[in-house]
Amino acid sequence: MDSIIIIAIPSIILMILLASFKEKKNTFENFIIGAKNGMMTVVEIFPTLVGLFVAVIMLRVSGILNIVINLFHPIFTLVGIPSEILPVAILRPISGSSALAIGTEIMKQYGIDSNIGLIISTMLGSTETTIYAISVYTKGKYYKNAWRVLVIALFGDFIAVLLSVYLSKFLS
C-alpha cells in the first residue's frame, strides 16, 4: 500500500506533463491561469464564508440553538426523534466542522455504539453542508432560482435525518 502511495503522485504529475507535451500546451502558463482563477474565486466567496462562520458562532454562543432545540423538543419526542441529535441536524446544513465538533461531543457522551452515536454518525455521513455548498457554488451572487435549490436540498437533508433515525432503530 505504501509503495502505491509513493508512486501515485509522481505518476499523476508525469501523466499531466506528458498530456501537456502531447497537446503542445504550456503547462506552467495554464497552472498560473488556474491559480489566478482560484484566487479570484476565494475573493468572491470570502464575504459569504465569513458571514456563515459568524452566524454559526452566534447560534452557539447566543443560546438561540438551545432555544430552538427546546422549542422543537416536544414535537420531535412525539414522533420518536431524539432531541440529542437536533444540534447536529440544525448546524449540519450551515457548517460541517461545527456539526462534526458537536457530533463528536455527543458521541463521547453517549458512546459511539449507542443509538444516538449511530444516528449522529449516519447523519454526518449522509447529509450535506447545504447552505455552505450553495454559497460556494453561487459564489455569493444573487441567483433568481437559488431558493428552489435551497428548499430541495434542505428537504433532502431532512429526509436523510429521518432515515438516520428510523433506520438506526430498525437495524438495532
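For the structure itself, look to the data block above.
Take the overall build of the chain next. A tally of helices and strands in the chain yields eight helices and zero strands. Its C-alpha atoms put the chain at 65 × 45 × 30 Å along the principal axes. Taking all 172 residues of the chain together, 29% fall into the buried category. In the chain, of all internal contacts separated by at least 6 residues, the share reaching a separation of at least 24 is 70%. Accessible surface, the chain as shown: approximately 11900 Å² in total, 73% of it carbon and sulfur. Averaged over its 12 positive side-chain charges, the chain has a centre that lies 11 Å from the centre of its 9 negative ones.

Glancing now at the layout of surface pockets. Quantified by volume, the largest pocket comes out at close to 300 Å³. Lining the largest pocket are 16 residues; nearest its centre among them are F76, A89, I90, F158 and V161. Those elements giving two or more residues to the lining of the largest pocket turn out to be α3 (64-78), α4 (86-91) and α8 (146-171). Taken together, the residues that form the lining of the largest pocket break down as 13 nonpolar, one polar and two charged.

Moving on to the packing of aromatic side chains. Across all of its chains, the model carries one aromatic pair by this definition. Between the aromatic rings of F72 and F76, the centroid separation amounts to 6.2 Å while the plane-to-plane angle is 70°, which identifies the pairing as edge-to-face. Placement of both F72 and F76 in helix α3 is noted, with a separation of four residues, approximately one turn of the helix. Among the residues examined, F72 registers a relative accessible area of 35% and is labelled partly exposed.

Let us now look at the side chain of T129. Of note, T129 is situated in the loop between α6 (115-126) and α7 (130-137). The contacts of T129, once residues within four sequence positions are left out, are R92, P93, S95 and G96.

On to the environment of F21. For F21, the location among the structural elements is in helix α1 (residues 2-23). For F21 and I67, which are 46 residues apart along the polypeptide, the C-alpha to C-alpha distance reads 61 Å.

As for its placement among the helices and strands, T127 is situated in the loop between α6 and α7. Taking C-alpha positions, T127 is 9.7 Å from S164, a pair spaced 37 residues apart along the chain. Ignoring anything within four residues of it in the chain, the contact list for T127 reads R92, D157, A160 and V161. Reaching out from T127, the side chain makes a polar contact with the backbone oxygen of M123 at a distance of 2.6 Å.

So, on to the side chain of S164. Its location among the elements puts S164 in helix α8. Within the structure, the side chain of S164 is placed 2.7 Å from the backbone oxygen of A160, a separation counted as a polar contact. If sequence neighbours within four positions are ignored, S164 has contacts with I119, T122, M123 and S126.

Turning our eyes to something else, we now look at the packing of α7 against α8. Between α7 and α8, whose axes approach to 10 Å, the crossing angle comes to 150°. Taken as axis vectors, α7 and α8 run roughly antiparallel relative to one another. When the axes of α7 and α8 are compared, the crossing they make is right-handed. Facing α7, whose interface residues are T130, I131 and I134, α8 presents V149, L150, A153, L154 and D157. Taken together, the residues of the contact of α7 with α8 break down into six nonpolar, one polar and one charged.

Once that is clear, we can look at α8. The first and last C-alpha atoms of α8 sit 37 Å apart over 26 residues, in line with the 38 Å expected at 1.5 Å per residue. Burial in α8 covers these residues: D157, A160, V161, L162, S164, V165 and S168. In this structure, the buried side of α8 is in contact with α4, α6 and α7.

What counts, and at which threshold
- Residues numbered from 1 in each chain as written.
- Predicted model: local features only at pLDDT ≥ 70, side-chain atom pairs only at ≥ 80, totals over all residues.
- Heavy atoms only, no water.
- Helix = DSSP H or I, 4+ residues; strand = E, 2+ residues; numbered from the N terminus.
- Buried < 20%, exposed > 50% of the residue type's maximum accessible area, 1.4 Å probe, protein only.
- Contact = heavy atoms within 4.5 Å.
- Areas by Shrake-Rupley, 256 points an atom, 1.4 Å probe, with all protein chains shown as cover.
- Lys, Arg positive; Asp, Glu negative; His and termini not counted.
- Charge placed at Lys NZ, Arg CZ, Asp CG, Glu CD.
- 1 Å grid on protein atoms, 1.4 Å probe; cavity = no way out; pocket = protein on both sides within 12 Å on 5 of 7 lines; lining within 4 Å.
- Points joined across faces, edges and corners; volume = space filled by probe spheres on them.
- Nonpolar A, V, L, I, M, F, W, Y, C, P; charged D, E, K, R; others polar.
- Phe/Tyr/Trp six-rings, centres within 6.5 Å; stacked < 30°, edge-to-face > 60°.
- Polar contact = N/O pair within 3.5 Å; in protein donor to acceptor, adjacent residues only side chain to side chain.
- Axes fitted to C-alpha atoms, helices over the stretch in contact; angles between N-to-C directions.
- Parallel < 35°, antiparallel > 145°, perpendicular 65-115°, else oblique.
- Left-handed = near helix turned anticlockwise from the far one by under 90°.
- Expected span 1.5 Å × (residues − 1).

Honestly, that's just the spatial picture; any functional story needs more than this.
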